[in-house]
Amino acid sequence: VTCDDFRAAMADANGVDLEQFALWYSTPGTPTVTWSAGYDPDADVYKLTLSQSSNSDEPLHIPISFGLLDKETGEEVVPTTVLELKENTQTFEFSDVQADAVPSILRDFSAPVKLVSKSGEDDEEMLAFLAARDTDGFNKWEA
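Residues numbered from 1 in each chain as written. Predicted model: local features only at pLDDT ≥ 70, side-chain atom pairs only at ≥ 80, totals over all residues. Heavy atoms only, no water.

K.L.:
Could you give an account of the sheet that holds strand β4 (residues 76-85), naming the residues involved and the relevant values?
P.N.:
Here we have three strands laid out as an open sheet, ordered β4-β3-β6, and antiparallel in their pairing. Each edge of the sheet is formed by a strand with only one pairing partner; in this case those strands are β4 and β6 (101-105). This sheet shows a mean twist of 20° between the axes of neighbouring strands, independent of strand direction. Here strand β3 (residues 62-70) pairs with β4 via seven bridges, running antiparallel. For Ile64, the partnering residue across the bridge sits in β4 and is Leu83. (Pairing = 2+ DSSP bridges. Helix = DSSP H or I, 4+ residues; strand = E, 2+ residues; numbered from the N terminus. Axes fitted to C-alpha atoms, helices over the stretch in contact; angles between N-to-C directions.)

K.L.:
Account for the nonpolar core, with residues named and values stated.
P.N.:
The tendency in soluble globular proteins is for nonpolar side chains to be buried side by side. In this structure, Leu50, Ile62, Ile64 and Phe94 are the most contacted members of the largest nonpolar core, which totals 28 residues. Broken down by secondary-structure element, the contributors of at least two residues to this core are β1 (32-40), β2 (45-53), β3, β4, β5 (89-95), β6 and α2 (124-133). Here the element with the most residues in this core is β3; it accounts for five residues. The residues contacting Ile62, other than those within four sequence positions of it, are Trp24, Pro31, Val33, Gln52, Leu83, Glu84, Leu85, Ala111 and Val113. (Core = buried A, V, L, I, M, F, W, Y, C linked by side-chain atoms within 4.5 Å. Buried < 20%, exposed > 50% of the residue type's maximum accessible area, 1.4 Å probe, protein only. Contact = heavy atoms within 4.5 Å.)

K.L.:
Before we move on, could you go through the pattern of salt bridges and cite the residues and values that matter?
P.N.:
Per the stated rule, a full pass over the model turns up seven salt bridges. Here the salt bridges share partners, and the residues they tie into one network are Asp4, Arg7 and Glu19. (Salt bridge = Lys/Arg side-chain N within 4 Å of Asp/Glu carboxyl O.)

K.L.:
For the sheet that holds β2, give the residues involved together with the corresponding values.
P.N.:
Across the sheet, which stays open at both edges, the four strands sit in the order β5-β2-β1-β7 with mixed pairing between neighbours. Edge positions in the open sheet fall to β5 and β7 (114-117), since each of these has one partner strand only. Looking at each pair of strands side by side, their axes are set apart by 25° on average, direction ignored. One ladder, built from nine bridges, connects β1 with β2; its direction is antiparallel. Across the sheet, residue Val33 finds its bridge partner in β2, namely Gln52.

Worth remembering: the numbers are spatial, not functional.
Below, the structure is given as structure tokens:
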């Protein structure tokens, strides 16, 4: 069984097109996903922008498991969901978020990528929050 056979079987079984995903097999190196986020309290909307860079001429299909934790209580306000990053840059919006939240990105190590914030700096306060309160064991450990 080849990687292409496996990919075809997974595509058939799930009714999805995995052609873009196949770029992973021919792209050397580790992709980088850069993120930025913001909360609009007037609209109760949280926005997450993800950008990817790799050695591929085309964007990869990168599955990003994501959740949001209330900044005050640590409770999940957006349970784990898989975002499909298929373009160079995409913005994902989450409505009905009642208060500012902390993003938990790459839950369960959903993709073998380097994750960096747009600022390029580690947010020590956010990492401490995730280490103490994240409901995802992988991200809790990584923080």
